[in-house]
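# Reading the structure
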Amino acid sequence: MQAVSLAAYTATSCLGRGVAAHALALRESRSGLEPCRFETVDLPTWIGEVAGVDEVVLPDTLRAFDCRNNRLAWLGLQQDGFSERVREAIARYGAGRVGVFIGTSTSGVLQTELAYRERDPATGALPAWFRYEYTHNIHSASAFVREAFGIEGVAMSLSSACSSSAKVFAAAARQLQLGTIDAAVVGGVDSLCLTTLYGFASLQLTSPEPCRPGDARRDGISIGEAAAFALLERGDTPADVRLLGAGESSDAHHMSAPHPQGLGAQRAMAAALRSAGLGAEDIGYINLHGTATPANDAAEGQAVAALFGRGVACSSTKGATGHTLGAAGALEAVVCAIALGESWVPGSPGTQTPDPVIAVDYRLRGAPVPGLRHALSNSFGFGGSNCSLVFGKGDA
């Protein structure tokens, strides 16, 4: 794969708004998880809720898109001067030469949940204010970003569960390489909703405590929400961080459980290394998918150990942000960009005693890594949808 520049990037999660807030929280091994008080949810679990989403007001021209998911997207787009950088790219290349690639797992499901509370008791009709096309529809987030900037290039939404917003990096890179576009807004946005919280609880996958990825006593996930974006341009564009490679696989082992030996995950990581033209020894940090469920962490651990042994620093940052589902890939891409920019790898907030069965160099606390040049980020979704991304310093 030809290298792609991250000309700009930003993240908004329960850790705060913008790159600086995330870098500081990760350096302090601070978690943004809190006991669940979202909406009417009554579950013994912890979540990563973004503060202030309900107070966000969309511009009048975008009011048709109003829902929690798009309000979160709008909040995220306003951080780190990201919107300005996108507009500069549009001015430079033309609106038709910029694409939009957004990953989400649930889009605006909450809006539908709220609408169902107001169904007509006689006819079952949903309220007139509910607009499925602009809110719940999976393409809503991409259409919203496209409309917000007046972008006219190719627009794509990906919904492959928890790998969604990692796969958008690969999809956009292919379009850049083909020459159909000159720049792309990529990212992920997923917001809290009752379907997700009760759904994962029904699968017995949520923890009653803050999640502990990779821990010997891990017992489930903490669900979070986030909006994270990057502006991708061709590799000759000056940038501090570049996307060097992407690997995807689909093992289809089970509807919701990973292959026990993580074979699909291993194939995705190996493909990402080949795509980047690197060997396992070149990677200095792996941001693990690390959900804190017993099966997922064990399977990923086997896959990483098979390729890398204990020779690379690993951590999961989901103990800080929660599992942000369709936004996790983009959020953790930004975490890798922060790590490369600061030559420092984050630890694993919430993790206390690494599971000895997970035979990797699991970092509990963040630490400097002088000379860090390459990082790999894993995102694995239900049904065996796997994606690994390799990032490098700007001159890599």
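For the structure, check the block above.
Residues numbered from 1 in each chain as written. Predicted model: local features only at pLDDT ≥ 70, side-chain atom pairs only at ≥ 80, totals over all residues. Heavy atoms only, no water.

Here we take up the layout of surface pockets. In this model, the largest pocket occupies a volume close to 180 Å³. As for the largest pocket, its lining consists of Ser13, Cys14, Gly32, Glu34, Pro35, Arg37, Ile47, Glu49, Val50 and Ala51. Class assignment of the residues belonging to the lining of the largest pocket gives a composition of five nonpolar, two polar and three charged. (1 Å grid on protein atoms, 1.4 Å probe; cavity = no way out; pocket = protein on both sides within 12 Å on 5 of 7 lines; lining within 4 Å. Points joined across faces, edges and corners; volume = space filled by probe spheres on them. Nonpolar A, V, L, I, M, F, W, Y, C, P; charged D, E, K, R; others polar.)

Turning next to unusual backbone geometry. Not every positive phi belongs to a glycine, and Glu39 is a case in point at roughly 50 degrees. One non-glycine residue, Gln204, lies in the positive phi region at around 60 degrees.

If you trace the backbone, Thr112 turns up in helix H4 (residues 109-116). Residue classification places Thr112 among the buried residues on the basis of a relative accessible area of 13%. Ignoring sequence-local partners within four residues, the contact set of Thr112 consists of Phe130 and His136. (Helix = DSSP H or I, 4+ residues; strand = E, 2+ residues; numbered from the N terminus. Buried < 20%, exposed > 50% of the residue type's maximum accessible area, 1.4 Å probe, protein only. Contact = heavy atoms within 4.5 Å.)

Next up on the list: the environment of Ala246. The residue Ala246 is located in strand E10 (residues 241-250) in this model. The spatial distance from the C-alpha of Ala246 to the C-alpha of Ala375 is 12 Å, given a sequence separation of 129 residues. In this structure, Ala246 is in contact with Met1, Ala170, Ala271, Ala272, Ser275, Ser388 and Leu389, ignoring residues within four places of it in sequence.

Take the pairing of strand E17 (residues 385-393) next. Along any regular strand the residues' side chains alternate between the sheet's two faces. Burial of E17 is extensive: nine of the nine residues sit out of reach of the surface. In terms of strand pairing, strand E16 (residues 374-381) meets E17 through eight bridges, oriented antiparallel. Within E17, the residue paired with His374 across the bridge is Gly392. Taking the residues that link successive antiparallel strands as the turn, the E16-E17 hairpin has three residues, and the phi of Gly383 there is positive, at about 80 degrees. (Pairing = 2+ DSSP bridges.)

Among the 10 residues of E10, eight are classified as buried, and the element is accordingly described as predominantly covered. Relative to E10, strand E1 (residues 4-13) runs antiparallel, the two sharing two bridges. When the sheet's bridge partners are listed, Ser5 is paired in E10 with Arg242. Where E10 lies against E17, nine bridges are found, and the strand directions are antiparallel. Across the sheet, residue Gly247 finds its bridge partner in E17, namely Ser388.

Moving on, we come to the side chain of Gln111. Here Gln111 is to be found in helix H4. Within the structure, Gln111 has its side chain in polar contact with the backbone oxygen of Asp66 (distance 3.3 Å). For Gln111, the residues in contact, after removing those within four places along its chain, are Asp66, Cys67, Trp129, Phe130 and Thr135. (Polar contact = N/O pair within 3.5 Å; in protein donor to acceptor, adjacent residues only side chain to side chain.)

It is worth stressing that arrangement in space is one thing and function is another; only the former is reported here.
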